[in-house]
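Fold and geometry: a report
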Amino acid sequence: MKPMNIKIEQRKRVAIITLDRPKALNALNTALMQEMVSVMQKLDKDPEVGCFVITGSEKAFAAGADIKEMKDKSYLDMFHEDYFAGWEAFTSIRTPKIAAVSGYALGGGCELAMMCDIIYASTTAKFGQPEIKLGVIPGIGGTQRLTKMVGKTKAMDLILTGRLMNAEEAERSGLVSRVIPSNKLIEESLQAAELIASYSKTTVMIAKEAVDRATELSLREGVLYERRVFHALFATEHQKEGMQAFVEKRTPDFSKS
Ligand code: HXC
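Residues numbered from 1 in each chain as written. Predicted model: local features only at pLDDT ≥ 70, side-chain atom pairs only at ≥ 80, totals over all residues. Heavy atoms only, no water.

With an unreviewed UniProt entry as reference, the protein chain is termed enoyl-CoA hydratase, source organism Aquimarina muelleri. In its Sequence similarities (unreviewed entry) section, the UniProt record describing the protein chain reads: "Belongs to the enoyl-CoA hydratase/isomerase family." (UniProt positions renumbered as here; feature names shortened; annotations may be inferred.)

Moving on, we get to the overall build of the protein chain. Per the secondary structure count, the protein chain includes 12 helices and 10 strands. Radius of gyration (C-alpha) of the protein chain: 19 Å, near the 18 Å computed for a compact globule of 257 residues. The principal-axis extents of the C-alpha atoms in the protein chain amount to approximately 60 × 45 × 40 Å. The burial tally for the protein chain puts 42% of its 257 residues in the buried class. The contacts of the protein chain with a sequence gap of at least 6 include a subset with a gap of at least 24, amounting to 66%. (Helix = DSSP H or I, 4+ residues; strand = E, 2+ residues; numbered from the N terminus. Rg over C-alpha atoms; globule rule 2.2 N^0.38 Å. Buried < 20%, exposed > 50% of the residue type's maximum accessible area, 1.4 Å probe, protein only. Contact = heavy atoms within 4.5 Å.)

With that out of the way, let us pick up the pattern of salt bridges. Scanning the model with the defined rule gives 17 salt bridges in all. R21 is the salt-bridge partner of D66, the closest N and O atoms lying 2.8 Å from each other. Remark: R21 occurs in the loop between β2 (14-19) and α1 (30-44) and D66 occurs in the loop between β4 (60-62) and α2 (67-70); sequence separation between them is 45 residues. A salt bridge links D117 to K208, with the shortest nitrogen-to-oxygen separation between them at 2.8 Å. Taken together, the residues span a long stretch of sequence, with D117 in the loop between α5 (108-114) and β7 (118-122) and K208 in helix α10 (residues 201-214) at a distance of 91 residues. By relative accessible area, D117 is classed as partly exposed at 30%. Residues joined in a network through salt bridges with shared partners are K154, D157, R163 and E169. (Salt bridge = Lys/Arg side-chain N within 4 Å of Asp/Glu carboxyl O.)

It is worth spelling out the environment of L233 at this point. For L233, the position within the fold is in the loop between α11 (219-232) and α12 (237-247). In sequence terms L233 and A193 are 40 residues apart; their C-alpha atoms lie 22 Å from each other. Beyond its immediate chain neighbours, meaning those up to four positions away, L233 contacts T203, I206 and Q239.

Moving on, we get to the site of the ligand. Within the structure, the ligand sits among 23 residues, and K59, A63, A65, I67 and G108 are positioned closest to it. The backbone of K23 places a nitrogen or oxygen atom 3.3 Å from an oxygen atom of the ligand. Within the backbone of A65, one N or O atom sits 2.7 Å away from an oxygen atom of the ligand. Here the ligand has 1,000 Å² of accessible area as a free molecule, and 65% of this is covered by the chains. Counting residues per element, the ones that place at least two in the shell around the ligand are α2 and β6 (104-106). Among the elements that make up the shell around the ligand, the one with the highest residue count is α2 (3 residues). (Near = heavy atom within 4 Å. Polar contact = N/O pair within 3.5 Å; in protein donor to acceptor, adjacent residues only side chain to side chain. Areas by Shrake-Rupley, 256 points an atom, 1.4 Å probe, with all protein chains shown as cover.)

So, about the sheet that holds strand β5 (residues 97-101). A sheet is described by the order of its strands in space; here 6 strands give the open sequence β1-β2-β3-β5-β7-β10, paired in mixed fashion. Each edge of the open sheet carries a strand with a single partner, namely β1 (6-11) and β10 (178-180). On average, each strand axis in the sheet is inclined to that of its neighbour by 20°, with strand direction left out of account. Pairing analysis gives 3 bridges linking β7 to β10, with the strands arranged parallel. Looking across to β10, one finds that A121 is bridged to V179. (Pairing = 2+ DSSP bridges. Axes fitted to C-alpha atoms, helices over the stretch in contact; angles between N-to-C directions.)

As for its placement among the helices and strands, N29 is situated in the loop between β2 and α1. According to the relative accessible area criterion, N29 is buried, its value standing at 12%. Beyond its immediate chain neighbours, meaning those up to four positions away, N29 contacts N5, R21, D66 and E69.

To continue, consider the pairing of β7. When you tally the buried positions in β7, you get 4 out of 5 residues, the bulk of the element. As paired strands, β5 and β7 are joined by 4 bridges and run parallel to one another. Residue pairing across strands places A100 opposite Y120, the latter belonging to β7.

The subject of this paragraph is unusual backbone geometry. Located in the positive-phi region is L25, a residue other than glycine, with phi close to 50°. With respect to the helices and strands, L25 occurs in the loop between β2 and α1. Its identity is not glycine, yet K249 carries a phi of approximately 55°, on the positive side. Looking at the secondary structure, you find K249 in the segment after α12.

See below:
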């Protein structure tokens, strides 16, 4: 079925997913989440797709989970639907995901950006976890991921006051890796995505997995994990090709798996 809440475009080896609920400032409802996860799970398996760029509109990356969809739900509705659990499938996508954020990234929108691997923000971006104003708390990982990304005191400041943070503060805090003028956001995000997608997809996936482990394992276990997967790369053609190409002073060809 054709997705109604997102647009999908492929540019070279990059799949661009654009959230497309402009009237609701890209609020994340269940249909949007299901469409996104289903499309991305297919593309994740496609060797021709080496990176995702996830973006919204100039005004809003996403203004949060859909308040109108959830406002009348009971505790039991939430519990039995395991509301928001579908986003776990999004975090299991193994192809790297770049969030290209303009405008509001609030609540679930900020959490969606944090579920990506890299966040690029335009100068207009505003990040926040304003759920406290609605009588709830972040529900798609915000209390955990924001704390790991910006530290306890900044996360407390944002989550307990509900205030918004601009792009410059977000970069200073380590939430965002680059701030880009808004008219260059997509172009620069695509350039980075195309570069990532030009490398061996296998190696990129393994590198991503290793970095992801850093937030969950002890340093000792993490370093051991890294060493083991580093060793394993020597079983791939891509290691042979990458190193041979260096010696021969040519560009490696990672297109053969
Ligand atoms: C549903 C939303 C929405 C949302 C905006 N809209 N955010 N609908 N869910 N999260 C809708 C508005 O109702 C409105 O629809 C239209 O989008 C335009 O929004 P306005 O408020 O008129 O725009 P503006 O005045 O420019 O203000 C922009 C805004 C504001 C500051 C971003 O919309 C806002 O504060 N939104 C809510 C942000 C938020 O609280 N997010 C966290 C959600 S909870 P109509 O039909 O009136 O034109 C969450 C996690 C929940 O994400 C986890 C706990 C379980």
